[in-house]
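# Observations on the model geometry
Each chain, letter by letter, is given below.
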Amino acid sequence: MSNFVTIAIEIMSYHLPSHLSELPVYQKAMDIIMLSRSISTYINHDLSYLNEDGTEDSDIYFSGDIVQQSTNLAPEIINAERERHSDKKHKHLESLERLTSKLYSNCRRLERSKSNGKDYLPLLRGEIRTFRKLKRNWMLTL
């Protein structure tokens, strides 16, 4: 099953409000999911080998983290859009900020890894910066 189909199935389980798929912040979150999964797959292939001393490369865990964090962006956007109470909406927005910060810092960590896939991480960080700008504009509409 392709990444796009998997993501679509995961997101459909949230019963999206009709306008959500048109939101630039949501579309960018979906782009980040796809990109982080592709990069993680590529990096995992390079980092899955054991070191000379028999230990595994600890950077492999950061590649899983970027997938997990990026996958959680869209549900937080959905939850913030659905929430009626401003204090609860604010909690989803704070969660989005934490996820975005962790995702960005994990990209920086992976850039120091011994993988050829690290060359794609600046692209992901650029997408995250764009997401942050879109998120700020979107937050003003809530």
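Going by the structure above, here's the rest.
One structure accompanies this document, and this report is about it. (Residues numbered from 1 in each chain as written. Predicted model: local features only at pLDDT ≥ 70, side-chain atom pairs only at ≥ 80, totals over all residues. Heavy atoms only, no water.)

## As for the overall build of the protein chain
Looking only at helices and strands, the protein chain has six helices and zero strands in total. The N-to-C order of helical and strand elements in the protein chain reads α-α-α-α-α-α. Relative to its full complement of 142 residues, the protein chain shows a buried share of 42%. For the protein chain, restricting intrachain contacts to residue pairs at least 6 apart in sequence, the fraction spanning at least 24 positions comes to 76%. (Helix = DSSP H or I, 4+ residues; strand = E, 2+ residues; numbered from the N terminus. Buried < 20%, exposed > 50% of the residue type's maximum accessible area, 1.4 Å probe, protein only. Contact = heavy atoms within 4.5 Å.)

## Some remarks on the nonpolar core
The tendency in soluble globular proteins is for nonpolar side chains to be buried side by side. Tyr26, Ile66, Leu73, Ile77, Leu124, Phe131 and Trp138 are the most contacted members of the largest nonpolar core, which has 32 residues in total. Among the elements of the structure, α2 (24–47), α3 (59–71), α4 (73–82), α5 (86–110) and α6 (121–141) are those that each provide at least two residues to this core. In terms of residues, this core owes the most to one element, α2, which gives ten residues. If sequence neighbours within four positions are ignored, Leu73 has contacts with Ala29, Ile32, Leu96, Leu99, Thr100, Leu103 and Phe131. (Core = buried A, V, L, I, M, F, W, Y, C linked by side-chain atoms within 4.5 Å.)

## Some remarks on the packing of α2 against α3
Packed helices, taken two at a time, are described by the angle their axes make and the gap between the axes. Where α2 contacts α3, the two axes come as close as 9 Å, and the packing angle between them is 165°. Relative to α3, the element α2 is oriented roughly antiparallel. Handedness of the α2/α3 crossing: left-handed. For the pair α2 and α3, contact is made by Ile32, Ile33, Ser36, Arg37, Ile39, Ser40, Ile43, Asn44 and Leu47 and by Asp59, Ile60, Ser63, Gly64, Ile66, Val67, Ser70 and Thr71, respectively. A class-by-class count of the residues in the contact of α2 with α3 yields eight nonpolar, seven polar and two charged. (Axes fitted to C-alpha atoms, helices over the stretch in contact; angles between N-to-C directions. Parallel < 35°, antiparallel > 145°, perpendicular 65-115°, else oblique. Left-handed = near helix turned anticlockwise from the far one by under 90°. Nonpolar A, V, L, I, M, F, W, Y, C, P; charged D, E, K, R; others polar.)

## Things to note about the packing of aromatic side chains
Tallied over the full model, the rule gives one aromatic pair. Between the aromatic rings of Tyr42 and Tyr120, the centroid separation amounts to 5.9 Å while the plane-to-plane angle is 85°, which identifies the pairing as edge-to-face. Remark: Tyr120 occurs in the loop between α5 and α6 and Tyr42 occurs in helix α2; sequence separation between them is 78 residues. The class of Tyr42 is partly exposed, set by a relative accessible area of 40%. For Tyr120, a relative accessible area of 44% translates into the label partly exposed. Directly above the ring of Tyr104 sits Arg132, whose terminal nitrogen or CZ lies 5.2 Å from the centroid. (Phe/Tyr/Trp six-rings, centres within 6.5 Å; stacked < 30°, edge-to-face > 60°. Lys NZ or Arg CZ within 6 Å of the ring centre and 35° of its normal.)

The analysis is restricted to geometry; functional conclusions fall outside its scope.
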